[in-house]
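So the chains spell out like this:
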Amino acid sequence: MRVNKKYSCLPAEEKGIHIINIRAIEDIGYDQHESTLLNSLSKNPDADCKYGLYFRDGKRKVDYILVYHYKKSSAGRTLARRVHHNDASARSAKQDQPLPGKGVQLEMGESEPHVDYHEDDKRFRREEYEGNLVEAGLELERDEDTKIHGVGFVKIHAPWNVLCREAEFLKLKMPTRKMYQINQTHGLLKKINSVIQKITEPIQPKVAEHKPQTVKRLSYPFSREKQHLFDLSDRDSFFDSKTRSTIVYEILKRTTCTKAKYSMGITSLLANGVYSAAYPLHDGDYEGENVEPNDRKLLCEEWASYGVFYKYQPIDLVRKYFGEKIGLYFAWLGVYTQMLIPASIVGIIVFLYGCATVDENIPSMEMCDQRNNITMCPLCDRTCSYWKMSSACATARASHLFDNPATVFFSVFMALWAATFMEHWKRKQMRLNYRWDLTGFEEEEDHPRAEYEAKVLEKSLRKEHKHKETDKEKLTWKDRFPAYLTNFVGIIFMVGLTFAIVFGVIIYRISTAAALAISSTPSGRSSVRVTVTATAVIINLVVIIILDEVYGCIARWLTQIEVPKTDKNFEERLIFKAFLLQFVNAYTPIFYVAFFKGRFVGRPGDYVYIFHSFRMEECAPGGCLMELCIQLSIIMLGKQLIQNNLFEIGIPKMKKFIRYMKLKRRRSLDHEEHMKKKQRYEVDYNLEPFAGLTPEYMEMIIQFGFVTLFVASFPLAPLFALLNNIIEIRLDAKKFVTELRRPVAVRAKDIGIWYNILRGIGKLAVIINAFVISFTSDFIPRLVYLYMYSENGTMHGFVNHTLSSFNVSDFQAGTAPNDPMDLGYEVQICRYKDYREPPWSENKYDISKDFWAVLAARLAFVIVFQNLVMFMSDFVDWIIPDIPKDISQQIHKEKVLMVEVFMREEQGKLQMLETWKDKDKKKGENCNSHSPRLSRSHSGSLSSCHSYPLDV
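Residues numbered from 1 in each chain as written. Predicted model: local features only at pLDDT ≥ 70, side-chain atom pairs only at ≥ 80, totals over all residues. Heavy atoms only, no water.

Help me get a handle on helix α23 (residues 567–596), residues and values and all.
The terminal C-alpha atoms of α23, which comprises 30 residues, lie 41 Å apart, in line with the 44 Å expected from a rise of 1.5 Å per residue. Just beyond α23, the residue with positive phi is Gly-598, at close to 80 degrees. (Helix = DSSP H or I, 4+ residues; strand = E, 2+ residues; numbered from the N terminus. Expected span 1.5 Å × (residues − 1).)

In structure tokens, the structure reads:
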């Protein structure tokens, strides 16, 4: 009965009955008439405990919930109720059960000869683990008689002494009594700030935590010996719900279950199915009539609503409810979205500049002029015929919208924008660290993961079997070598799979273009390039979305077989693998169009073939930049619309519906239970478990790559990213508040490895944009022609300069067009885009000098652009300090004030000691010998020293 006493929640005179199994007065043993009368007169017990937010006594708050499954038939529950109603001796039988809530199974044991040893093992482990939790100071209460049949809940409460002890162990900074004035701006800056506050007042959330503060409490790591420093007038609210759940979770992680040679914490027990879930509770309901005000409801109204999309986020309230790690994610997402506003404005200006100057662009005008009568060589063998360059007029005009001198300026601007964004975030992060009392926080080594402990145990057992003396075991690189090899081979295979799929899409483009060229309709032949490009991009998009989900699962599996020691190591390795695979998956088709398409085509009469039958595809006469723009825009918008928004809305709702239908099928409830209001922990159990922030960061990092890496080809990318993020913030907020179980609050002072990934993408963006401008666009060839070959200093003749000539008599056998008279006249010379010698020269079809001049200019531009922009980015990084000046002053001020507080405390103690000594001397002068009364007075004065309340 020792375990039963630990779970007892009633006063001493009522300990004969377990409150764990009591859901209504009728379960105690009254007959139906009496129980109905008492229920009608008594207060609703569920309302007393605020429907699961408190223990049954209505005083102790539920800080954490453990959920487990148990096998118990509905017939057994009905029979048990009949026994309890009709036989008063049921109470005595209930007292003799080995575990709380298992009396019915003992009664039914005679009629059920089958024994489930696996379930018994889980029950024994739960019994030992919960006993250890009670020994650690936690208070537990069990509830198995719920609306969810076969699911039991263990409610956990951390009393005051446990909270104080753990807060001291975790070095939690708590606000003291001491308050100080925050430095305010003066003069012109103060007036400017007041004007800005008045202007932005309509877009500020109506949350108390978001209002500007003029005073701040001095924070200090909690210490039980220095409790007099802290304001403990209201102990119930001193540790908020976020802090309480964090403390309980730390105890759950380090408490072990050692039965059957297992050393298991809560993570291992969850992995082995001993418990099915563990989570803190939400503060209450967020919608409905007569809902008590709570932080969750406030977040739903002022944050997780599409109607407040134009308002700032209440980041301090988000941090208060979800913890620092999630608060930093939403703060970073908010800063990123704000920084997209100037980038979007500049991108729109660049696009409008292209629209305004399209009619003044001489190369596109020459391509559209039918009087030039330029006959182009066929785009494929046999089935394709000769075509007029003027038929590509629309493509050439559209290319100018994105391929103009302003795009070079925009590439430089976006590189500096990325550097400014990173610096702005670092400063914002320091402000949040100061506001959230994280300035001196250092992450300590986390507890080992359950899988790591299991592997270490397995290794030690093998050595014990071989009779070897072993010290404390740990996994070495030799133990992990098979996993490392599997990771290497798996990643290489998946990267190769991505390349193979892109290659397959290339084959599709080539074969489809040849098939459509056979079309007898002129409209079909004229729209071949657009049709092939659009369908190929859609295929790429579908493949990318599917492979993203597959690669996410494979990356998690590869990380699991590595068996990282801590959760932090696991998360970092998972992020690296997932980012690498998704980066390759998302950008490989774009890299192909930007840097490889049209580069290895060959020339008429000597084309490069794939599988001896498929000719490599060429770029349009206006270049590949327009096709790159189409590819980038469709993939970016498709991923944002389908993957980021529809999936985030649809999949959680679908999972919630499936879980609801499963529970509905498993229920066997009477009418009375069906009419009862669900407890808070039952409602939260039906929500989707929190799966971490990796998917949220990943989609934003991939989007950041779309915005920065190829921005020279798509200036409107920041605008579409901004529109997506405005929805994304509220979508994620709604998901966290309404669709997910409340996550355990995790302290963090930065966004971790994601910052390094962002910096890497920012550096890579400079290099990629330099190559896009140099090799994908016609910017460099135009400059070379303008300053080296133009006769009158204009772009007239540029198109003719970029085209080479080919004598149709030099076609290889079987490659000439089947219908050479398709244009209505016989063609002798056709043109193709390349820098080669004409057929009438001595070295016909060799690469000309113009090609080498353009190549040298392109490489020189890459080197100059890359070094210049890198220097400017580093200059921005250097000139903007990481820590704002006012924050560094406030941090220094806090340190000085804390030293003053402790110095004053020491001086107070010394003065008190001197006062006592003076009193003792006076008493000694009056008396020749010490009396017992004097000794008692002296000891009393010493004891008062320890309880002296110091007003700081």
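And the narrative resumes.
Tell me about the pattern of salt bridges, and please be specific about residues and values.
This structure, assessed with the given rule, holds 42 salt bridges. A salt bridge links Arg-142 to Glu-130, with the nearest nitrogen and oxygen atoms 2.5 Å apart. Taken together, the residues span a long stretch of sequence, with Arg-142 in strand β2 (residues 139–143) and Glu-130 in helix α7 (residues 117–135) at a distance of twelve residues. By relative accessible area, Arg-142 is classed as buried at 3%. A salt bridge links Lys-242 to Glu-324; the nearest nitrogen and oxygen atoms lie 3.9 Å apart. With Lys-242 in helix α11 (residues 241–254) and Glu-324 in helix α15 (residues 324–357), the pair connects residues that are 82 residues apart, well separated along the chain. Comparing Lys-242 with Glu-324, the two get one shared label, buried. Taken together, the shared-partner salt bridges in this structure form one network comprising Glu-423, Lys-426, Arg-759, Asp-877 and Asp-882. (Salt bridge = Lys/Arg side-chain N within 4 Å of Asp/Glu carboxyl O. Buried < 20%, exposed > 50% of the residue type's maximum accessible area, 1.4 Å probe, protein only.)

Could you give me a rundown of the state of the cysteines, with the residues and numbers involved?
Counting across every chain of the model gives two disulfides. A sulfur-sulfur separation of 1.9 Å characterises the disulfide bridge that pairs Cys-368 with Cys-393. The sign of the 95 degrees torsion about the S-S bond sets the Cys-368-Cys-393 disulfide as right-handed. Within this pair, whereas Cys-368 is found in helix α16 (residues 362–368), its partner Cys-393 is found in helix α17 (residues 393–402), the two being separated by 25 residues in sequence. (Disulfide = S-S within 2.5 Å.)

Could you give an account of the side chain of Thr-559, naming the residues involved and the relevant values?
By the element assignment, Thr-559 lies in helix α22 (residues 528–562). Here Ala-555 takes part through its backbone oxygen, which lies 2.7 Å from a polar atom of the side chain of Thr-559. Filtering out sequence-adjacent residues up to four positions away, Thr-559 remains in contact with Asn-487, Pro-564, Phe-570, Arg-573, Leu-574 and Lys-577. (Polar contact = N/O pair within 3.5 Å; in protein donor to acceptor, adjacent residues only side chain to side chain. Contact = heavy atoms within 4.5 Å.)

Help me get a handle on the sheet that holds strand β1 (residues 64–69), residues and values and all.
Within a sheet, each strand pairs with its neighbour through backbone hydrogen bonds, oriented either parallel or antiparallel. In spatial order, the strands read β2-β3-β1-β6; together these four strands make up an open sheet with antiparallel pairing. Whereas interior strands pair on both sides, the edge strands pair on one side only; in this sheet they are β2 and β6 (277–279). Adjacent strand axes in the sheet meet at a mean angle of 20 degrees, parallel and antiparallel pairs treated alike. With three bridges joining them, β1 and β6 adopt antiparallel strand pairing. Residue Ile-65 lies in a different strand from β6, and its bridge partner there is Tyr-279. Of the strands in this sheet, β1, β2 and β3 (151–157) touch α7, which is tilted by about 165 degrees from β1. (Pairing = 2+ DSSP bridges. Axes fitted to C-alpha atoms, helices over the stretch in contact; angles between N-to-C directions.)

So what's going on with the nonpolar core? Residues and values would help.
The biggest cluster of nonpolar side chains holds 126 residues, and the ones touching the most others in it are Trp-332, Tyr-336, Trp-417 and Phe-710. Not counting chain neighbours up to four residues away, the residues in contact with Phe-710 comprise Tyr-587, Ile-590, Phe-591, Ala-594, Phe-595, Leu-628, Leu-632, Gly-705, Ile-768, Asn-769 and Val-772. In this structure, Leu-138, Trp-160, Ile-247 and Leu-897 belong to the second largest nonpolar core, which totals 48 residues. (Core = buried A, V, L, I, M, F, W, Y, C linked by side-chain atoms within 4.5 Å.)

Requested: an account of the packing of aromatic side chains, with residues and values cited.
Two aromatic rings, taken as a pair, are described by how far apart their centres are and by the angle between their planes. Counting across every chain of the model gives 52 aromatic pairs. Ring plane angle 55 degrees and centroid distance 5.5 Å describe the contact between Trp-160 and Phe-239, whose orientation is recorded as tilted. One end of the pair, Trp-160, is in helix α8 (residues 160–170); the other, Phe-239, is in the loop between α10 (235–238) and α11, with 79 residues separating them in the sequence. Each of the two residues, Trp-160 as well as Phe-239, counts as buried. Their ring planes at 65 degrees and their centres at 5.0 Å tell us that Phe-806 and Phe-811 sit as a pair that is edge-to-face. (Phe/Tyr/Trp six-rings, centres within 6.5 Å; stacked < 30°, edge-to-face > 60°.)

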